[in-house]
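Per-entry structural report
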Amino acid sequence: MANAIRALAMDAVEQAKSGHPGLPMGAADIATVLFTQFLKFDPADPAWPDRDRFVLSAGHGSMLLYALFYLLGYEKMTIGELKRFRQLGSLTPGHPEYGHTPGVETTTGPLGQGLANAVGMAIAERHLAALFGSDVVDHRTYVLASDGDLMEGVSQEAIALAGHLKLNKLVVLYDDNGISIDGPTALADSVDQVRRFESAGWAANRIDGHDPAAIAAAIEAARRSQRPTLVACRTTIGFGAPTKGGTEKCHGAPLGADEIAAARQRLGWTAPPFEIPASILEQWRAAGTRGRRARLAWAQRLAALEPAKRIEFERRLKGTLPEALARAVREAKQKLAQAPKDMATRSASEFALEAVTAALPQMVGGSADLTGSNNTRTKSMKALSAADYSGRFIHYGVREHGMAAAMNGMALHGGILPYAGTFLVFSDYCRPAIRLAALMGQRVIHVMTHDSIGLGEDGPTHQPVEHLAALRAVPNLKVFRPADAVETVECWQLALQSRDGPSVLALTRQNVPQLRQGFDEQNRCARGAYELIAAEDDVAIVSLFASGSELAIAVEAKRLLARSKVSARVVSVPCFELLLALPEAERSTIIGRAKLNVAVEAGVRQGWDSIIGTEGTFIGMSGFGASAPYKDLYQHFGLTADKVVETVLARL
């Protein structure tokens with residue numbers, strides 16, 4: 001049965017003249033034991049909520065997954081798709097892609113990400129089990145990880161968090177083949193991975209990864225463990241290949257016809273390319289039906305749940321938002337209309353969270369050891385811990401990368417709407433996971449405070465300058481930079497409603513005035529930009545565009561320009577992505593036809609030309625910040641209403 005995986009991997013990579021045959025061939029025994037004896041799944045329903053999750057963190061070995069899906073009877077994975085490995089439009093892309101190939105739990109390839117996603121999946125399972133009971137939530141998360149996965153720094157953040165939370169239903173099967181692209185891993189690494197995991201609170205052991213009995217015994221022991229488990233499976237990369245096996249030569253290139261022929265002979269595999277003997281395929285297909293009974297029994301238990309509990313459980317799994325959200329947003333905006341508040345938008349975010357987290361119990365928050373600065377924990381939120389998984393706030397520690405990747409795993413698992421906070425400058429640490437969330441279309445919300453030189457004395461190491469532009473460059477990521485408390489509430493609503501991708505809320509440390517007065521039922525931020533203040537004569541010579549804390553500067557500049565008889569309008573731009581997604585006519589109406597467009601933002605110009613045009617004027621940052629009180633910094637770098645007026649008059 002394992003040799004069937006090896007043969008399909010060799011054949012598909014050879015046909016594509018591209019790919020990684022070594023891992024599928026080396027890990028075939030591990031996968032065969034896991035999928036035929038332990039993993040709970042049903043190919044007839046790949047999205048069954050209580051299935052075990054299998055994460056191929058070593059995504060380059062994607063043919064392992066595709067071979068398994070075909071052998072086990074996943075309907076859409078045909079021999080034809082295997083023959084189209086790595087071809088345009090196939091279900092067998094070079095690395096597994098979530099939402100593209102049924103059965104793939106997460107998009108992997110950037111090493112370490114899958115392992116960290118799996119930690120989030122395991123957290124989600126424990127949290128939902130604590131809320132809804134083990135009758136409907138009782139599954140495990142298995143990971144197949146490579147040497148590279150464990151070398152990447154995100155792996156340390158992930159395993160430390162998993163060990164701390166005692167996620168005992170998480171099992172990492174380490175394909176310990178001792179080979180990387182450059183050659184033996186000993187060239188660059190001498191870590192004892194078993195002792196490393198043990199120091200992080202895991203159970204860990206070593207086995208022969210080609211001994212089915214040893215593999216089964218190790219997985220059985222892991223299922224009884226009170227801690228997460230690492231099983232270091234010593235394997236031979238490219239097992240069966242007589243001259244390239246055990247070397248880097250079979251890692252990322254086809255074996256070649258001669259080597260494949262010799263491997264077939266060595267393995268005793270006589271079937272032609274892409275053909276599986278009927279007796280072997282029959283055994284695999286029988287393994288694929290093994291989980292059907294468990295799935296049907298689960299469906300009966302779900303149906304037997306108390307009706308209100310079942311409805312809420314199913315709602316969370318579907319990811320739909322209750323009507324209570326709209327009411328919560330309306331009430332929050334009404335409070336601000338009745339009693340306007342000048343506050344930092346990070347504080348406004350906390351105000352918004354008090355409302356929306358009460359309306360959306362599926363929201364699970366957190367922070368990378370910056371809870372008091374990010375304002376992401378509401379008064380009613382208790383911490384999620386090994387002693388109580390029902391909590392809704394996670395202390396991630398100083399682990400931004402692991403936090404972002406774990407949130408992806410929670411979103412992928414379903415039933416949880418994750419959000420967490422750090423400083424905007426540390427979005428650099430989160431970026432690989434944010435990019436994957438965008439690629440996978442996952443609703444993950446990043447609260448990123450201290451969003452400009454406005455954070456003041458901590459200086460340029462902590463002052464983001466290029467970060468807004470860098471994040472806005474990520475496809476399918478919405479970057480919200482609200483200007484006041486009202487906009488912050490509206491941007492939270494939009495981020496929560498954005499089901500098809502992640503969001504970033506960039507928030508101030510310093511106080512800003514509430515510019516939106518009165519109550520407006522409409523979410524004015526929903527179009528990405530809107531005219532906050534029109535020109536007095538409706539024929540603006542100047543359009544002043546701004547986001548976040550600089551909107552107040554634009555408002556003051558308009559007032560000063562009026563003294564010079566210059567007619568100006570002010571446009572708030574809380575979200576580039578929403579504005580640029582509008583039909584051209586609607587977008588043009590918002591941007592207007594003023595003689596001069598001016599943008600004000602405490603960041604770099606990149607991205608603004610799509611709004612103000614290349615002839616527009618930008619007032620912002622062209623270099624790094626400095627350490628000083630924030631008002632001094634705004635004066636020093638020319639981010640003032642007076643500077644805007646001076647620049648406008650000079651241009652006119």
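See the structure shown above.
Procedures and definitions
Residues numbered from 1 in each chain as written. Predicted model: local features only at pLDDT ≥ 70, side-chain atom pairs only at ≥ 80, totals over all residues. Heavy atoms only, no water. 1 Å grid on protein atoms, 1.4 Å probe; cavity = no way out; pocket = protein on both sides within 12 Å on 5 of 7 lines; lining within 4 Å. Points joined across faces, edges and corners; volume = space filled by probe spheres on them. Helix = DSSP H or I, 4+ residues; strand = E, 2+ residues; numbered from the N terminus. Nonpolar A, V, L, I, M, F, W, Y, C, P; charged D, E, K, R; others polar. Contact = heavy atoms within 4.5 Å. Salt bridge = Lys/Arg side-chain N within 4 Å of Asp/Glu carboxyl O. Buried < 20%, exposed > 50% of the residue type's maximum accessible area, 1.4 Å probe, protein only. Phe/Tyr/Trp six-rings, centres within 6.5 Å; stacked < 30°, edge-to-face > 60°. Pairing = 2+ DSSP bridges. Axes fitted to C-alpha atoms, helices over the stretch in contact; angles between N-to-C directions. Disulfide = S-S within 2.5 Å.

**Description of the layout of surface pockets**
Rolling a probe over the atoms, with the probe sized like a water molecule, indicates the empty space that remains. Put simply, the largest pocket is a space of about 760 Å³. If you go around the largest pocket, you meet 34 residues; those closest to its centre are Y98, L317, A411, L412 and G414. Breaking the lining of the largest pocket down by element, the ones donating at least two residues are α13 (292–304), α14 (307–318), α18 (400–413) and β10 (417–423). When residues of the lining of the largest pocket are assigned to their parent elements, the largest contribution, 5 residues, is made by α14. Residue composition of the lining of the largest pocket, grouped by class: 14 nonpolar, 11 polar and 9 charged. When its volume is computed, the second largest pocket comes out at roughly 280 Å³. Residue lining of the second largest pocket: 14 residues in total, with S549, I553, Y630, K631 and Y634 positioned closest to the centre.

**Points about the environment of K76**
Tracing the chain through its elements places K76 in the loop between α4 (62–72) and α5 (79–83). If near-sequence neighbours (up to four positions away) are discounted, K76 is found in contact with E81, L91 and P102.

**Points about the pattern of salt bridges**
Within this structure, the stated rule accounts for 32 salt bridges. Here E125 makes a salt bridge to R126, at a shortest N to O gap of 2.7 Å. Judged by its relative accessible area of 18%, R126 falls in the buried class. Close ionic contact of E490 with K333 constitutes a salt bridge, the shortest N to O distance being 2.8 Å. Taken together, the residues E490 in helix α21 (residues 485–497) and K333 in helix α15 (residues 324–338) connect sequence positions 157 residues apart. Where salt bridges share partners, they join D451, R472, R481, E550 and E601 into one cluster.

**Examining empty space enclosed by the protein**
Per the counting criterion, the structure on display carries 3 cavities of 30 Å³ or more. Estimates place the volume of the largest cavity at around 110 Å³. Here the lining of the largest cavity is built from residues that sort into 8 nonpolar, 1 polar and 5 charged. Of the residues forming the lining of the second largest cavity, the biggest block, 3 residues, is contributed by strand β1 (residues 53–56). Looking at the lining of the second largest cavity, its residues break down into 5 nonpolar, 3 polar and 1 charged.

**Some remarks on the packing of aromatic side chains**
Taken as a whole, this structure holds 13 aromatic pairs when the rule is applied. Ring plane angle 55 degrees and centroid distance 5.0 Å describe the contact between F132 and F313, whose orientation is recorded as tilted. Linking F132 in helix α6 (residues 113–132) with F313 in helix α14, this pair joins segments that are 181 residues apart in sequence. With relative accessibility at 5%, the residue F132 sits in the buried group. With centroids separated by 6.5 Å and ring planes inclined at 40 degrees, the aromatic side chains of W608 and F618 adopt a geometry described as tilted.

**A word on the sheet that holds strand β16 (residues 568–572)**
As summarised here, the arrangement of the 5 strands in space is β14-β16-β15-β17-β18, forming an open sheet in which the pairing is mixed. Each edge of the open sheet carries a strand with a single partner, namely β14 (530–533) and β18 (617–619). Mean inter-strand twist for the sheet, computed between neighbouring axes without regard to direction, equals 30 degrees. The pairing of strand β17 (residues 596–600) with β18 spans 3 bridges and is classified as parallel. Directly across from V600, in β18, lies its bridge partner I619. In the packing of helix α22 (residues 551–563) onto the sheet, contacts are made with β14, β15 (542–546), β16 and β17, and the angle to β16 comes to roughly 170 degrees.

**Looking at the state of the cysteines**
In this structure the tally under the stated criterion is 0 disulfides. For the unlinked cysteine C525, the closest cysteine sulfur is that of C491, found at 4.1 Å.

**Let's talk about the pairing of strand β11 (residues 445–449)**
For β11, a buried count of 5 out of 5 residues is recorded, marking the element as mostly surrounded by other parts of the structure. The side-chain alternation of β11 yields two buried faces, one formed by I445, V447 and T449 and the other by H446 and M448. Strand direction decides the pairing type here: β10 and β11, joined by 5 bridges, are parallel. By the bridge assignment for β11, F423 is matched with T449.

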